[in-house]
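Letter by letter, the chains look like this.
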Amino acid sequence: MKKGLMMMLFATMMAASATAQVPEWLKMFKLSGYGMTQYQYTGQDGAKANSFNIRLGRVIIDAKPHKDWAARVQFQYNGNTADLSSSLKVVDVYAEWQKYDFFRVKGGQFKRAFTFENPMNPIDQGFMSYAQIIMQLSGFTDRDGMASSNGRDLGLQFQGDFLKNTAGRNLLHYQIGVYNGQGINQKDVDQQKDVIGGIWVMPVKGMRIGAFGMEGSYARTNTTTGLVKLPQHRYAISAEYKFDDWTLRSEYIHSTGKAFKTRENSKADRSDVTINEALGSKADGVYALCIAPVVKNKLYAKARYDLYRQSASWQSAKTYYEVGANYLFSKNIQLNVEYALVNNRALAEDHHNFSMFDAQLDFRF
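Reading guide: rules and limits
- Residues numbered from 1 in each chain as written.
- Predicted model: local features only at pLDDT ≥ 70, side-chain atom pairs only at ≥ 80, totals over all residues.
- Heavy atoms only, no water.
- 1 Å grid on protein atoms, 1.4 Å probe; cavity = no way out; pocket = protein on both sides within 12 Å on 5 of 7 lines; lining within 4 Å.
- Points joined across faces, edges and corners; volume = space filled by probe spheres on them.
- Helix = DSSP H or I, 4+ residues; strand = E, 2+ residues; numbered from the N terminus.
- Nonpolar A, V, L, I, M, F, W, Y, C, P; charged D, E, K, R; others polar.
- Phe/Tyr/Trp six-rings, centres within 6.5 Å; stacked < 30°, edge-to-face > 60°.
- Buried < 20%, exposed > 50% of the residue type's maximum accessible area, 1.4 Å probe, protein only.
- Lys NZ or Arg CZ within 6 Å of the ring centre and 35° of its normal.
- Pairing = 2+ DSSP bridges.
- Core = buried A, V, L, I, M, F, W, Y, C linked by side-chain atoms within 4.5 Å.
- Contact = heavy atoms within 4.5 Å.
- Polar contact = N/O pair within 3.5 Å; in protein donor to acceptor, adjacent residues only side chain to side chain.

**A word on empty space enclosed by the protein**
So, step 1. A full pass over the atoms with the stated rule returns one cavity of 30 Å³ or more.
So, step 2. One number sums up the size of the largest cavity: a volume of about 40 Å³.
So, step 3. Surrounding the largest cavity, Ile 123, Leu 328, Ser 330, Lys 331, Asn 332, Ile 333, Gln 334, Asp 362, Phe 363 and Arg 364 form its lining.
So, step 4. Looking at the lining of the largest cavity, the elements that each hand over two or more residues are β14 (317–330), β15 (333–344) and β16 (353–364).
So, step 5. Residue classes in the lining of the largest cavity are distributed as four nonpolar, three polar and three charged.

**Thoughts on the packing of aromatic side chains**
When we look at a pair of aromatic rings, we describe it by the centre distance and by the angle of the planes.
So, step 1. A complete count under the given rule lists 20 aromatic pairs for this structure.
So, step 2. Geometrically, the ring pair formed by Tyr 235 and Tyr 252 is tilted, given 6.2 Å between the ring centres and 50 degrees between the ring planes. Remark: Tyr 252 occurs in strand β11 (residues 246–256) and Tyr 235 occurs in strand β10 (residues 226–243); sequence separation between them is 17 residues.
So, step 3. Judged by its relative accessible area of 26%, Tyr 252 falls in the partly exposed class.
So, step 4. Joined through ring pairs, the aromatic side chains of Trp 97, Tyr 100, Phe 102, Phe 103 and Phe 158 make up one cluster.
So, step 5. For Lys 106, the ring lying beneath its charged end belongs to Tyr 94, and the centroid distance is 4.6 Å.

**Quick notes on the pairing of strand β8 (residues 194–201)**
So, step 1. Pairing geometry for strand β7 (residues 170–179) and β8, over eight bridges, is antiparallel. Note on β8: the bridge partner recorded for Leu 172 is Val 201.
So, step 2. Bridge count between β8 and strand β9 (residues 207–222): seven bridges; the pairing is antiparallel. In the sheet register, Trp 200 faces β9, and the bridge partner there is Gly 210.
So, step 3. Turn length for the β8-β9 hairpin, with the two strands adjacent in sequence and antiparallel, is five residues, and the turn residue Gly 206 shows positive phi of about 90 degrees.

**Observations regarding the layout of surface pockets**
So, step 1. Of the voids in this model, the largest pocket is the one considered here, and its volume is about 1,200 Å³.
So, step 2. Residue lining of the largest pocket: 42 residues in total, with Gln 40, Met 128, Ser 129, Met 135 and Thr 141 positioned closest to the centre.
So, step 3. For the lining of the largest pocket, the secondary-structure elements that each account for two or more residues are β1 (29–42), β2 (49–66), α3 (132–137), β13 (299–309), β14 and β16.
So, step 4. Sorting elements by how many residues they give to the lining of the largest pocket places β2 first, with eight residues.
So, step 5. Looking at the lining of the largest pocket residue by residue, the classes come out as 14 nonpolar, 19 polar and nine charged.
So, step 6. Of the pockets and cavities examined, the second largest pocket occupies roughly 770 Å³.
So, step 7. As for the second largest pocket, its lining consists of 35 residues, of which Arg 72, Tyr 94, Lys 111, Pro 119 and Asn 121 are closest to the centre.
So, step 8. Counting residues per element, the ones that place at least two in the lining of the second largest pocket are β1, β2, β3 (69–77), β4 (89–100), β5 (103–111) and β6 (152–164).
So, step 9. Taken together, the residues that form the lining of the second largest pocket break down as 15 nonpolar, nine polar and eleven charged.

**Focus: the nonpolar core**
So, step 1. Counting residues in each nonpolar core, the largest one holds 27 residues, and the members touching the most others are Phe 114, Ile 133, Ile 134 and Ile 253.
So, step 2. At the level of secondary structure, the elements contributing two or more residues to this core comprise α3, β8, β9, β12 (282–295) and β13.
So, step 3. Residue contributions to this core peak at four residues, all from β12.
So, step 4. Setting aside residues no more than four positions away along its own chain, Phe 114 makes contact with Leu 137, Ser 138, Gln 175, Ile 196, Phe 212, Gly 213, Met 214, Arg 234, Tyr 235, Ala 236 and Ile 253.

**Section: unusual backbone geometry**
So, step 1. Here Gln 191, not a glycine, exhibits a phi torsion of approximately 60 degrees, which is positive.
So, step 2. Here Gln 191 lies in the loop between β7 and β8.
So, step 3. Positive phi, close to 50 degrees, is recorded for Asp 244, a residue that is not glycine.
So, step 4. As for its placement among the helices and strands, Asp 244 is situated in the loop between β10 and β11.

**Description of the environment of Asp 272**
So, step 1. Looking at the element boundaries, Asp 272 is found in the loop between β11 and β12.
So, step 2. On the accessibility criterion, Asp 272 (23% relative accessible area) is partly exposed.
So, step 3. It is 7.4 Å that separates the C-alpha atoms of Asp 272 and Asn 222, two residues lying 50 residues apart in sequence.
So, step 4. With sequence-adjacent residues up to four places away left out, Asp 272 is seen in contact with Arg 220, Phe 260 and Thr 262.
So, step 5. Engagement of the side chain of Asp 272 in a polar contact is seen with the side chain of Thr 274, the distance being 2.9 Å.

Structure follows, in structure tokens:
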């Protein structure tokens, strides 16, 4: 009797649990994320290394608090936790009003409105890292010396798509934002905002041709020297064409503006206002890539030419010639392998060239 009663009680509880309503407030949240594990070898003379590494891991909380609004909080872990550039940190915190396609407003911390490649998910980007010009001139490990910021900043952005063709596809996109100019998780220092914008046309389905501009500064201060502000002026020209599972993309960036001698990896670096005069005030670079299907939606061959001139001179040029392949076990897990021949003219003359090998296992959830 007792046993039967207990079984009935258990069955009743299970049935009640199965039919229980999910709280309405919980329905607006979506949890996702991804991880990128890595093995990399470099054969540079005097700096040979090979190591397993966590390129990065991310946990993302998306929310739909209102039919016209979307919000996101994103956390990232990579490498070790010794400094600001490789640690657990908040990379995205923003809300966006999305009522109209032609006019959307985003506020908080998010990707800068600069270049095609910057806002791409690093798995979708397709290579062992973003191109050098994206890393150095778009707010990742930026040339000016700011802390590693994953291409993001704090600010307000307006964007939209408009001018539909007869098929209902928009032909123009614009975006413009104002930002602190200090990177992620930091207040403004010089009280002068960065203004960054871009516009592109989409004449053919899958094609984008665009131009971007940036006017701003990066600043530091200490008790002895006071405020030191380094103006930054940049522009980019971009093109991309995605068709029949192929991807072709190329971008050029030019930068004018000096840099601090040390990178801001700790609080102590924020007071180091020494300028790197030897680096000069100009930099530029270009990349061009192709990702081609061998087996559609499964196996891809890839190649990239990636040039960056940190002082806008050929004596300072660093070039990667890359080939590799990406294999998708499913839409949620893939293996990427890549070989790169590197030519770094900043090294001693007989040590300009060396090889690199990179393998990454990436997963999403």
